[in-house]
Structures are given as C-alpha cells and as structure tokens.
Amino acid sequence: DVKVTQSSRYLVKRTGEKVFLECVQDMDHENMFWYRQDPGLGLRLIYFSYDVKMKEKGDIPEGYSVSREKKERFSLILESASTNQTSMYLCASSFNRGTSTDTQYFGPGTRLTVL
Amino acid sequence: GIQVEQSPPDLILQEGANSTLRCNFSDSVNNLQWFHQNPWGQLINLFYIPSGTKQNGRLSATTVATERYSLLYISSSQTTDSGVYFCAVPMNRDDKIIFGKGTRLHILP
C-alpha cells in the first residue's frame, strides 16, 4: 500500500514565525503536491514537484515556498506565517505516467492554526 | 480552464439508502478520479475511471467521457460512508488535477 505521511496532524504557530510542513512518501513517486483546503473553496494547489530539485507553482503560491532535496520528501515552507494561512494542508504523490495523470495518494493532512 | 461541477452539494440519507453523486466537467478529459474525505480529513482515492464502469463492493462509478460526466453510486449506505466526495480531472498536459467542490454526504443511523 502507498503511504504518504505528514509531520504533524495539528500545528499552532504565531504570526511571523517560519513554518515547515514535511511530507514523505514511500512509493518512489516522481510527483509530489501541496494543497490547502478551506471551507467553500475546496482544494487548491500551492506547489508541485515532478522530480528532485524541481518545483512548479500551483494556483496560490504566494507566501509559500517548497523544497525537494530527496525524491521521497517534499517540504512546504511558510516564510512568515500569517493568520490567512490558517488552513488544512494536504500533501499528495503520484507516478509520472508521461501522457496522462495517475492516481494521487494523499497524506492525513496538517491542520495549521496561525495566531 | 476546465470547470468541474458536482451535485448535489449536500445530501442527508438514512442508513441503508442508495445514492447517486454526479460530476460534470467542461472539457474532454483522459481520466477522472473519485475521492472520499472522511470526517478526520483523510482523502482516500476510490476510483480512477477515465471511461466505462468500475465496481468496488457497495460503490461503483461510471464515466461517460463523450458526454462529460461521471456518476458515483453508493448502495446500502452505512454511517462510515459519511464525509465529502470529490471528483478530480486533469488540468492540462502535466500531472496537475483540478477538484470539484465536493458533495457532503451525511448518513443517519
């Protein structure tokens, strides 16, 4: 079974803090994704990566950065957390099929509260 | 870009009832995924179904790509079926997908 893990289920941080959210997958997937989920807005893509050291902006990258130093690990960084970044953060991974998208497998999510 | 619409937005049913959830998409796609998000937030992929019909226990899904819709059927609902059901389709030629807003299903005991 594919396993995607996230470093924390719940996280509380203060405005201005630097926040690291870690995601690890064990299926040798090329693609990894970070989403945030907010009531009424659904899932929105923040960043994704299709290879080590590669990253692409999603729909809402402002205020975030990412790091992919190893294939299995994809980190989301909030350089200076703000209250409007309070949200549920979901990490996912998938194989790179080339011509079509493959199934995405999700981690359990991190519920971040910024005070 | 491609639009994904799900209906109904909310559904409340008694345990044992059957239900049909719909996903419409605005452009041709080469695959479609259905997910279930449980009350604790975990997203589980149910089906990867570019066309045709697939079944997994009490759940089945049908995608009619030429008419740009997919249906998820849940038979003999159980309280553990509660949660939000999302469909998702590819955004373009890379590996990104776009999600619908979901159908929130609540099964009453």
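You'll find the structure just up there.
Please read these numbers as outputs of a predicted model, since none were measured by experiment.

### Structural notes on the interface of chain B and chain A
Consideration 1: Counting residues at the interface gives 21 residues for chain B, matched by 28 residues for chain A.
Consideration 2: Buried area between chain B and chain A, both sides added, is near 1900 Å², and the carbon and sulfur share of it is 50%.
Consideration 3: When the buried area of chain B at its contact with chain A is split by residue, Tyr48, Asp95 and Lys96 of chain B rank highest and sum to 30% of it.
Consideration 4: If you look at where chain B meets chain A, you find zero salt bridges.
Consideration 5: The tally of links from chain B across to chain A stands at five residue pairs in polar contact (both at pLDDT 80 or more).
Consideration 6: Listed by contribution, the elements that provide at least two residues to the side of chain B that touches chain A are β4 (33-37), β5 (43-48), β9 (83-90) and β10 (97-99) of chain B.
Consideration 7: Its residues assigned to classes, the side of chain B that touches chain A shows nine nonpolar, seven polar and five charged.

### Some words on the packing of aromatic side chains
Consideration 1: Within this structure, the stated rule accounts for nine aromatic pairs over all chains.
Consideration 2: Judged by centre distance (5.6 Å) and plane angle (35°), the ring pair of Tyr35 of chain A and Phe106 of chain A falls under tilted. On the criterion of sequence distance, the pair formed by Tyr35 of chain A in strand β4 (residues 31-38) and Phe106 of chain A in strand β10 (residues 105-106) is long-range, its members being 71 residues apart. Neither residue differs from the other here; Tyr35 of chain A and Phe106 of chain A are each classed as buried.
Consideration 3: Where Phe86 of chain B meets Phe99 of chain B, the ring centres are 6.2 Å apart and the plane angle is 90°; that geometry is what we call edge-to-face. Placement of the pair is Phe86 of chain B in strand β9 and Phe99 of chain B in strand β10, with a sequence separation of 13 residues. This pair shows no difference in class: Phe86 of chain B is buried, exactly as Phe99 of chain B is.
Consideration 4: Members of the aromatic cluster, connected to one another through ring pairs, are Phe33, Tyr35, Phe48 and Phe106 of chain A together with Phe35, Phe86 and Phe99 of chain B.
Consideration 5: Taking NZ or CZ as reference, Arg9 of chain A lies 5.9 Å from the ring centre of Tyr10 of chain A, over its face.
Consideration 6: Lying across the ring of Tyr69 of chain B, Arg22 of chain B places its NZ or CZ 4.2 Å from the centre.

Cut-off values and rules
- Residues numbered from 1 in each chain as written.
- Chains lettered and ligands numbered in written order.
- Predicted model: local features only at pLDDT ≥ 70, side-chain atom pairs only at ≥ 80, totals over all residues.
- Heavy atoms only, no water.
- Contact = heavy atoms within 4.5 Å.
- Buried area = accessible area lost by both parts, 1.4 Å probe.
- Salt bridge = Lys/Arg side-chain N within 4 Å of Asp/Glu carboxyl O.
- Polar contact = N/O pair within 3.5 Å; in protein donor to acceptor, adjacent residues only side chain to side chain.
- Helix = DSSP H or I, 4+ residues; strand = E, 2+ residues; numbered from the N terminus.
- Nonpolar A, V, L, I, M, F, W, Y, C, P; charged D, E, K, R; others polar.
- Phe/Tyr/Trp six-rings, centres within 6.5 Å; stacked < 30°, edge-to-face > 60°.
- Buried < 20%, exposed > 50% of the residue type's maximum accessible area, 1.4 Å probe, protein only.
- Lys NZ or Arg CZ within 6 Å of the ring centre and 35° of its normal.

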